[in-house]
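Here are the chains, one letter per residue:
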Amino acid sequence: MEEAQDLPEQPVKKAKMQESREQSLSHVSSTEVSDQKTESSNLGSNLPMSSETSTTNASPVSTSSTVVNISTSAVASISQEYPTYTILGQSQYQTCYPSSGFGVVPPADSNTESLALASTTYPEEKPNALVAARAVQRPSSDSSTSPLLPRATASKELDEQARKNIPGKNRGKRKADTSSSQDSELERVFLWDLDETIIIFHSLLTGSYAQKYGKDPTLVIGSGLSMEEMIFEVADTHLFFNDLEECDQVHIEDVASDDNGQDLSNYNFSTDGFSGSESNANHSSSVGVQGVDWMRKLAFRYRRVREIYNKYRTNVGGLLSPQKREALQRLRTDIEVLTDSWLETALKSLLLIQSRKNCENILITTTQLMPALAKVLLYGLGEVFPIENIYSATKIGKESCFERIVSRFGKKVTYVVIGDGRDEEVAAKQHNMPFWRITNHADLVSLHQALELDFL
């Protein structure tokens, strides 16, 4: 599949790079002296927001003076860090979509890129490796858990102060997506897809990656199958996937309200009589001792999964035997070679976002939650994604996941969606969020450049 925005293979000459950089910096300078600008102009030519009022009420992206004063040596250092790719990417931060639809406004120097987004073809939808045959039907836990404030006075100031002084909830009883005090300081939230965006996994299994990039299909498919086997081994052995496959949840805290806080130090999960196959019968009715008991055991498992993830998120080798640790290290190295350091390139952007105090990385994947957590751990992404920032869209779809996240962080935050598929692009459009498409290495490189230059 060819993308109109793909970069040429050969490097761009320094003269053209300098000219493009001067034009970009000139545009940034002009935006700073304008009286009023919409948010789309602050995002530069990379990811302009709609000229209409954004539903997220996002604040403009800061384009500080450091952007204007970037020297040619800084540009040269970027080129040295990525010698394989050019400095220009995403058609030099071309429009992802205008407010009217998916068609792209053509740039002045191109007549062909106007149909880039409208004519984009997407790879076959990434199927979930193990979709639950029967999903647990639970009321949505997206609603706020904050208690209603008594209106003892008509004063708006006192009422607002009372909201700020609401005490924190008990961890065991907290529902999903409750926001912490630091969330109010956030300015930007990046919503990441996992497969074929941060990591290469599905296309390894199908062989499409080998076909696209001219790799040995035997090696590519073999590496994919080996990683898949290890993912499900960790999910089954350490994350209760055998028990939780048919009662999968969107978020780790979705059943936290059913946890009574019992000490699990000596709890025997293998003999407590829990059966995930009984989820529908017991979950549909919360009345009766059996239903309450089953839900409590389910909550215990999710609490233990949280503990395991937090303990090994930066040291997945601690979950594995010495032989498995060595096998994982070899496998990750082999996959990085086969994929031309795809994960390493994506990590540059993830770590840069993580280093910002006012930004957050959120992961939304179509994989079920337990295999997704295992995948995150095995690919070494646990340090970047706290378990509270991982969502599974298997049951509700990405658009509903986006709604949950907006409910969690609020509409004053600016959201940027990064992915490779149609589903996340459509969901981003529905919520008026900028969308950065990842189709090849060059898209990852130019994403990192845009972040470094403070365009995102």
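Residue positions are counted from 1 within each chain, in the order its sequence is given. Local features are withheld for residues below a pLDDT of 70 in this predicted model, meaning they are given only at 70 or higher, and side-chain atom pairs are given and counted only at 80 or more; totals for whole chains, interfaces and linings count all residues. Heavy atoms from the whole structure form the basis of all side-chain values; hydrogens and water molecules are not counted.

(A) Up close: the nonpolar core. Counting residues in each nonpolar core, the largest one holds 76 residues, and the members touching the most others are Trp192, Ile198, Leu381 and Phe385. For this core, the element with the highest residue contribution is helix α12 (residues 289-312), accounting for 10 residues. Only heavy atoms matter for contacts: two residues are in contact if any of them lie within 4.5 Å across the pair. In this view, Ile198 contacts Trp192, Asp193, Trp342, Leu343, Ala346, Leu350, Leu363, Leu381 and Phe385; residues no more than four positions away in its chain are not counted. The next biggest cluster of nonpolar side chains, apart from the first, holds 20 residues, and it includes Val250, Ile362, Tyr391 and Val413. Only buried residues count toward a nonpolar core, which is a set of Ala, Val, Leu, Ile, Met, Phe, Trp, Tyr and Cys residues joined through side-chain atoms within 4.5 Å. Note on exposure labels: buried denotes an accessible area under 20% of the residue type's maximum, exposed denotes more than 50%, and partly exposed covers the range between, all computed with a 1.4 Å probe on protein chains only. Note on conventions: DSSP H or I runs of at least 4 residues are helices, E runs of at least 2 residues are strands, and numbering of each starts at the N terminus.

(B) Quick look at the packing of helix α14 (residues 342-355) against helix α18 (residues 441-452). Where α14 contacts α18, the two axes come as close as 9 Å, and the packing angle between them is 20°. Considering the angle they form, α14 stands roughly parallel to α18. Like other packed secondary-structure pairs, α14 and α18 cross with a definite hand, here left-handed. Taken together, the residues of α18 that come into contact with α14 (itself represented by Trp342, Thr345, Ala346, Lys348, Ser349, Leu352 and Ile353) are His441, Leu444, Val445, Leu447, His448, Leu451 and Glu452. Residue composition of the contact of α14 with α18, grouped by class: eight nonpolar, four polar and two charged. All axes are obtained by fitting lines to C-alpha atoms, using only the stretch in contact for helices, and the reported angles, taken between N-to-C directions, cover 0 to 180 degrees. Just so you know how the angles are binned, under 35 degrees is roughly parallel, over 145 roughly antiparallel, 65 to 115 roughly perpendicular, and the rest oblique. Crossings are classed by handedness, with left-handed meaning an anticlockwise turn of the near helix from the far one by less than a right angle and right-handed meaning a clockwise turn. Amino acids outside the nonpolar list (Ala, Val, Leu, Ile, Met, Phe, Trp, Tyr, Cys, Pro) and the charged list (Asp, Glu, Lys, Arg) are all regarded as polar, and Gly is one of them.

(C) Highlighting the pairing of strand β1 (residues 188-192). Within β1, five of the five residues are buried, leaving the element largely enclosed by the surrounding structure. Neither face of β1 is exposed, since Arg188, Phe190 and Trp192 on one face and Val189 and Leu191 on the opposite face are all buried. Strand pairing follows a simple DSSP-based rule, namely that at least 2 bridges must link the two strands. Two elements, β1 and strand β2 (residues 359-365), share five bridges in a ladder whose sense is parallel. Bridge assignment links Val189 to a residue of β2, and that residue is Glu360.

(D) Highlighting the side chain of Thr197. Along the chain, Thr197 falls in the loop between β1 and α7 (202-206). Excluding anything up to four places from it in sequence, Thr197 contacts Trp192, Trp342, Ala346, Ile418, Gly419, Asp420, Ile438 and Leu444.

(E) Fine view of the packing of helix α9 (residues 217-238) against helix α15 (residues 369-378). At a minimum axis distance of 8 Å, the contact between α9 and α15 shows a crossing angle of 115°. In terms of crossing hand, the pair formed by α9 and α15 is right-handed. Facing Met227, Met230, Ile231, Phe232, Val234 and Ala235 of α9, the residues of α15 in contact are Met370, Pro371, Ala374, Lys375 and Leu378. Looking at the contact of α9 with α15 residue by residue, the classes come out as 10 nonpolar, no polar and one charged.

(F) Unusual backbone geometry, seen in detail. Positive phi outside glycine occurs at Ser341, with the angle close to 60°. On the secondary structure map, Ser341 appears in the loop between α13 (322-338) and α14. With a phi close to 65°, Asp454 is a non-glycine residue in the positive phi region. Positionally, Asp454 belongs in the segment after α18.

(G) Expanded view of the sheet that holds β2. The strand order β3-β2-β1-β4-β5 describes an open sheet built from five strands, whose pairing is parallel. Because the sheet does not close on itself, it has two edges, and the strands there are β3 (390-392) and β5 (435-437). Mean inter-strand twist for the sheet, computed between neighbouring axes without regard to direction, equals 20°. Bridge count between β1 and strand β4 (residues 414-419): five bridges; the pairing is parallel. Within the sheet, the bridge partner assigned to Trp192 lies in β4 and is Ile418. The sheet strands contacting α14 are β1 and β2, and the helix crosses β2 at an angle near 135°. Of the strands in this sheet, β4 and β5 touch helix α17 (residues 422-430), which is tilted by about 160° from β5.

(H) How the structure looks around α14. Expected span, for any helix, means 1.5 Å times one less than how many residues it has. Look at α14: 20 Å from first C-alpha to last across 14 residues, which is about the 20 Å you get at 1.5 Å a residue. Of the residues making up α14, those classed as buried are Trp342, Leu343, Thr345, Ala346, Ser349, Leu350 and Ile353. On its buried side, α14 packs onto β1, α8 (208-213), α13, β2 and α18.

(I) Region of the structure containing the pattern of salt bridges. Salt-bridge detection follows one rule: a side-chain nitrogen of Lys or Arg within 4 Å of a carboxyl oxygen of Asp or Glu. For the structure shown, the criterion picks out 15 salt bridges. In this structure, Asp259 engages Arg303 in a salt bridge whose closest nitrogen and oxygen atoms are separated by 2.7 Å. On the criterion of sequence distance, the pair formed by Asp259 in the loop between α10 (241-244) and α11 (279-283) and Arg303 in helix α12 is long-range, its members being 44 residues apart. A salt bridge links Asp293 to Lys297; its shortest N-O distance comes to 2.9 Å.

(J) Summary view of the packing of aromatic side chains. Two rings belonging to Phe, Tyr or Trp (six-membered ring only in the last case) form a pair when the distance between their centres is within 6.5 Å. Interplanar angles under 30 degrees mark stacking, angles over 60 mark edge-to-face geometry, and anything in between is tilted. Taken as a whole and assessed by the stated rule, the structure comprises six aromatic pairs. Their ring planes at 35° and their centres at 4.6 Å tell us that Tyr209 and Tyr213 sit as a pair that is tilted. With Tyr209 and Tyr213 both in helix α8 and four residues apart, this pair spans about one turn of that helix. Of the aromatic side chains, those joined through ring pairs into one cluster are Phe240, Tyr267, Phe269 and Phe300.

(K) Structural view of the environment of Asn315. Within the secondary structure, Asn315 sits in the loop between α12 and α13. On the basis of relative accessibility, which here comes to 43%, the residue Asn315 falls in the partly exposed class. In this structure the C-alpha to C-alpha distance between Asn315 and Gly380, which are 65 residues apart in sequence, comes to 8.2 Å.

(L) Spotlight on the environment of Tyr309. Tracing the backbone shows Tyr309 in helix α12. You can call Tyr309 buried: its relative accessible area is 1%. Distance from Tyr309 to Leu239, taken between C-alpha atoms, is 8.7 Å for residues 70 residues apart in sequence. Every residue in contact with Tyr309, bar those within four places of it in the chain, is listed here: Leu373, Val376, Leu377, Gly382, Phe385, Pro386, Ile387 and Ile390.

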